[in-house]
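Structural overview
Given next are the chains, with one letter for each unit.
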Amino acid sequence: MRTSLTVEEALAAVLEHTRPLTDVEDAPLEAAPGRVLARDLEALADHPDVDNTAVDGYAARAADTAGASPKNPVRLRWIGESPAGRPFPGRLGPGEAVSVYTGAPLPEGADAVVAVEDTERDGDFVVLYKPATPKDIRPKAQDLQQGRVYLKRGDVLTPGRVGLAAGMGHATLPVVRRPRVGILSTGDEVVEPGTPLPPGGVYNSNAYSVAALVREAGGEPVLLGKTGDTITELKARLEGAGRLDLILTSGGVSMGDYDIVRHLLEREGTIHFWKILQRPGGPPIFAEFAGTPLFGLPGNPVSAMVVFFLYGRPMLFKMLGRSGEPYRRVRAVADDFFKGAGKKTAFRRALLRYDPDAPGGHRAASVDSQSSGVLRSMAFGNALVVVPPHTHVEAGEVVEVIPFGDVQT
Ligand code: AMP
Ligand code: MG
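We now turn to the structure provided with this report. Just so you know, these numbers come straight off a predicted model, no measurement behind them. (Residues numbered from 1 in each chain as written. Chains lettered and ligands numbered in written order. Predicted model: local features only at pLDDT ≥ 70, side-chain atom pairs only at ≥ 80, totals over all residues. Heavy atoms only, no water.)

Within the open sheet, the six strands sit side by side as 8-5-7-6-10-9. Their pairing is mixed. Of all strands in the sheet, those bounded by a partner on one side alone are strand 8 (112-115) and strand 9 (119-122). Pairwise comparison of adjacent strand axes, ignoring direction, gives a mean angle of 40° for this sheet. With four bridges connecting them, strand 9 and strand 10 (residues 125-128) associate as antiparallel partners. For Asp-122, the partnering residue across the bridge sits in strand 10 and is Phe-125. (Pairing = 2+ DSSP bridges. Helix = DSSP H or I, 4+ residues; strand = E, 2+ residues; numbered from the N terminus. Axes fitted to C-alpha atoms, helices over the stretch in contact; angles between N-to-C directions.)

If you want it as structure tokens, here you go:
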């Protein structure tokens, strides 16, 4: 069993044992936001499908209206209208005008439009104070060309992309199945929120913070409840969990006698590694149990979140074939001192703000308590300051920072 891996080694090992999912589902447009496209998507039709007008006004022949001005207006004969969705049935001839409304097809015979503001209606005539021009015509296929790919496999469906896919004519979108991620909390002391807290009890926060991170990364959390600190109960829970793509446990991976996750995996699983040279989050275990990858997260609430974010999120990205990096790294000026952790990499929680005048364009201030048991730093911080092994960060130094929430302005 490999042990005490560096951050980079741990990430590489985790990704090495992660397989992209191959199952594709059809998601209706309204259920598509946040999903990952499983195939390239092409436009089913040209948009616009014919030349149309971008303004309300009159369609005409440019040649008839050249030189039109307030002093020298041009009179055209009005012959009908073309509202959006109802093309003008006839053909526009010399000296004629047809009313058009934004999005309406340009009548046959017309090659220019003039905005209604630059005209006046006079019975069956239209008076133009400006020439009609082609500049407000949206040519056929200007927006979308039939058969052309606009969205790629691996693209996350943001609101704009869902709209684009709808505009391309798709009612359902091929998306990668969401990885089903089981979350099992361990610990005799752990109780569900909403129940009375027994002496020495701790409310189960890990299940919910980690489930939220799983959802953010594109996975489907499956809450498996909690087990007390016996191997028999843990094993029964895992075996009864159903089909999952990944199991996350919390707690029970350290050195103690009650660290049952580690004990069970030593006996009945395949351990890829145990422990990462980082703080918080030193003791995770990465293994396979009954054919399913299992990541044993530490029990401390900050550690559980940080470890999932740094390793679990990249796993889900890989399973989904999701393009883009699972997290960003930016540079920032440290506002405070950030303590290192000897030979380990420290991930200190910070509040990251934009500052155009700072090197790297950001500043990072230490947030609340840095204890791995105090979750406020994850609730009110938005970033991890990376303190490399054998260093500390002094205030004023430029550091690398990994945002996990919205950066403040
Ligand atoms: P462990 O890794 O099991 O030794 O747990 C480390 C610390 O995390 C202990 O103080 C636990 O009480 C706490 N802890 C474990 N599981 C949870 C949980 N699901 N929610 C909140 N705290 C937890
Ligand atoms: Mg425990």
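Before going further, it helps to spend a moment on the nonpolar core. Nonpolar side chains tend toward joint burial in soluble globular proteins. By size, the foremost hydrophobic cluster in this structure holds 46 residues, and its most contacted members are Leu-248, Phe-295, Leu-310 and Tyr-311. For this core, the elements supplying multiple residues, two or more each, are helix 1 (7-16), strand 14 (180-186), helix 4 (206-216), strand 18 (246-250), strand 19 (270-276), strand 22 (292-297), helix 7 (301-320) and strand 26 (383-387). Ranked by residue count, the leading element in this core is helix 7, at 14 residues. Ignoring any residue separated from it by four or fewer positions in sequence, one finds Leu-310 in contact with Leu-11, Gln-278, Tyr-327, Phe-347, Leu-384 and Ile-402. Leu-184, Ala-241, Leu-265 and Ile-271 belong to the second largest nonpolar core, which has 20 residues in total. (Core = buried A, V, L, I, M, F, W, Y, C linked by side-chain atoms within 4.5 Å. Buried < 20%, exposed > 50% of the residue type's maximum accessible area, 1.4 Å probe, protein only. Contact = heavy atoms within 4.5 Å.)

With that settled, the discussion passes to the site of ligand 1. Near ligand 1 lie 15 residues; those nearest to it are Glu-189, Asn-204, Ser-205, Gly-252 and Gly-299. Contact distances for ligand 1 include 2.6 Å between an oxygen atom and a side-chain N or O atom of Glu-189. Here an oxygen atom of ligand 1 and a backbone polar atom of Asn-300 are 3.2 Å apart. Across the complex, the protein chains shield 77% of the 480 Å² of accessible surface that ligand 1 would expose by itself. Looking at side-chain class alone, the shell around ligand 1 contains four nonpolar, ten polar and one charged residues. (Near = heavy atom within 4 Å. Polar contact = N/O pair within 3.5 Å; in protein donor to acceptor, adjacent residues only side chain to side chain. Areas by Shrake-Rupley, 256 points an atom, 1.4 Å probe, with all protein chains shown as cover. Nonpolar A, V, L, I, M, F, W, Y, C, P; charged D, E, K, R; others polar.)

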